[in-house]
Amino acid sequence: MTPELLDEAVVALAILTGYLLILFVGGLIADYVFPHIPFIQRFLDSLPDWKDED
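These numbers come from a predicted model, not from an experiment.

## Considerations on the overall build of the protein
Logical step 1: Secondary structure assignment for the protein yields 2 helices and 0 strands.
Logical step 2: Computed over the C-alpha atoms, the radius of gyration of the protein is 20 Å, more than 25% above the 10 Å expected from 2.2 N^0.38 for a compact globule of 54 residues.
Logical step 3: With 54 residues in all, the protein has 2% of them scored as buried.

Put into structure tokens, the structure is as follows:
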């Protein structure tokens, strides 16, 4: 492998890690913070139950 290719791979992995970290934090907020906000909880409770189709 050439050094230029390795440098580009490191940069690409760093960018991908940043995106995944943002998604991880957003998922934690959606799972643990949003249900404690009253108007969001009322909206979630008003949604119909999900029915899986076989």
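## Some points on the environment of Leu-47
Logical step 1: Relative to the helices and strands, Leu-47 resides in the segment after α2 (38-46).
Logical step 2: Owing to a relative accessible area of 40%, Leu-47 belongs among the partly exposed residues under this scheme.
Logical step 3: Note: C-alpha distance between Leu-47 and Leu-16 (31 residues apart in sequence) is 34 Å.

The rules behind each value
Residues numbered from 1 in each chain as written. Predicted model: local features only at pLDDT ≥ 70, side-chain atom pairs only at ≥ 80, totals over all residues. Heavy atoms only, no water. Helix = DSSP H or I, 4+ residues; strand = E, 2+ residues; numbered from the N terminus. Rg over C-alpha atoms; globule rule 2.2 N^0.38 Å. Buried < 20%, exposed > 50% of the residue type's maximum accessible area, 1.4 Å probe, protein only.

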